[in-house]
Amino acid sequence: PDGKNLASGSADDKVVLYDLEENSPKATINTESKGVLSLSYSPDGKFIASGGSNNSVKIWDPQDGKKIAEINDCKSAVNALVFSPDVQYLFAASNDGKIYVFNMETKQLTKSFVAHDKGATALSFCDKGNILVSGGRDGNIKLWDLSALKIGKKKFAAATGEPKLVCSALTLKEDNSNGIIDANE
């Protein structure tokens, strides 16, 4: 996040942390994940999350490579990870088509929801963290309005009930030579 550090993951279960100013690796982590499929640096630089074929999400300290937490709530391989801009939540896209939402304070699963008919493979935030974008093997790109989750400085109150997610689907057409994206509601 600061342009001075880099993390890479590989099929041999290793995450290597690099110091770009020194142009050298500063730590190597053995994740025991049956292959590292996904990595994400938190926007504040305090965490690295890794996901693998063993269905787990692990959270690491990027300074020394020590494991902070291991979360085993995903039911399938973890293909993509992204932290919310305020680092309150970590989102994981899984081969089962679900997106899992973890609270970073408690390191516990907050909610999961089906996002794609086939595996969910990509995640990103836009609109200052109010919109989560997901991509999947079903060929859809979906925009999730997370304002009901109150991601940011305000957290939702338990008394208000379970937050609802609103989704708009974007589908890339096979003959997409003109670059047009079809938006469905």
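Presented here is a report on the structure given in the accompanying data block. (Residues numbered from 1 in each chain as written. Predicted model: local features only at pLDDT ≥ 70, side-chain atom pairs only at ≥ 80, totals over all residues. Heavy atoms only, no water.)

**Examining the sheet that holds strand β1 (residues 5–9)**
A sheet is described by the order of its strands in space; here three strands give the open sequence β1-β2-β3, paired in antiparallel fashion. Sheet topology places β1 and β3 (24–30) at the edges, where each strand pairs with a single neighbour. The average angle at which neighbouring strand axes cross in this sheet is 20 degrees, direction not considered. Here five bridges tie β1 to strand β2 (residues 14–19), and the two strands are oriented antiparallel to one another. (Pairing = 2+ DSSP bridges. Helix = DSSP H or I, 4+ residues; strand = E, 2+ residues; numbered from the N terminus. Axes fitted to C-alpha atoms, helices over the stretch in contact; angles between N-to-C directions.)

**Some details on the pattern of salt bridges**
Going through the model one piece at a time under the given rule, you end up with two salt bridges. Between E70 and K58 there is a salt bridge; the shortest N-O distance is 4.0 Å. In this pair, E70 is assigned in strand β7 (residues 67–71) and K58 in strand β6 (residues 57–60), connecting sequence segments 12 residues apart. E70 sits in the partly exposed class, given a relative accessible area of 36%. Linked through salt bridges whose partners overlap, the residues forming this network are K58, K67 and E70. (Salt bridge = Lys/Arg side-chain N within 4 Å of Asp/Glu carboxyl O. Buried < 20%, exposed > 50% of the residue type's maximum accessible area, 1.4 Å probe, protein only.)

**Digging into the sheet that holds strand β10 (residues 98–103)**
Taken in spatial order, the four strands of this open sheet run β8-β9-β10-β11, and their pairing is antiparallel. Strands with a single pairing partner mark the edges of an open sheet, and in this sheet they are β8 (78–83) and β11 (108–114). Adjacent strand axes in the sheet meet at a mean angle of 20 degrees when their direction is disregarded. With five bridges joining them, strand β9 (residues 89–94) and β10 adopt antiparallel strand pairing. When the sheet's bridge partners are listed, A93 is paired in β10 with I99.

**Here's the deal with unusual backbone geometry**
Backbone geometry places V87, a non-glycine residue, at a positive phi of 60 degrees. A relative accessible area of 11% means that V87 is categorised as buried. A positive phi angle is found at K107, which is not glycine, with a value near 60 degrees.

**Side note on the packing of aromatic side chains**
Enumeration according to the criterion identifies three aromatic pairs in this entry. Their ring planes at 20 degrees and their centres at 6.4 Å tell us that F47 and F83 sit as a pair that is stacked. Note that F47 is positioned in the loop between β4 (36–41) and β5 (48–52) and F83 in strand β8, a separation of 36 residues in sequence. Judged on exposure class, the residue F47 and its partner F83 are both buried. Each ring, one from F91 and one from F125, has its centre 5.3 Å from the other, and the planes form 80 degrees; the classification is edge-to-face. Here F91 is found in strand β9, whereas its partner F125 is found in strand β12 (residues 120–126), with 34 residues between them in sequence. The two residues F91 and F125 agree in class, both being buried. (Phe/Tyr/Trp six-rings, centres within 6.5 Å; stacked < 30°, edge-to-face > 60°.)

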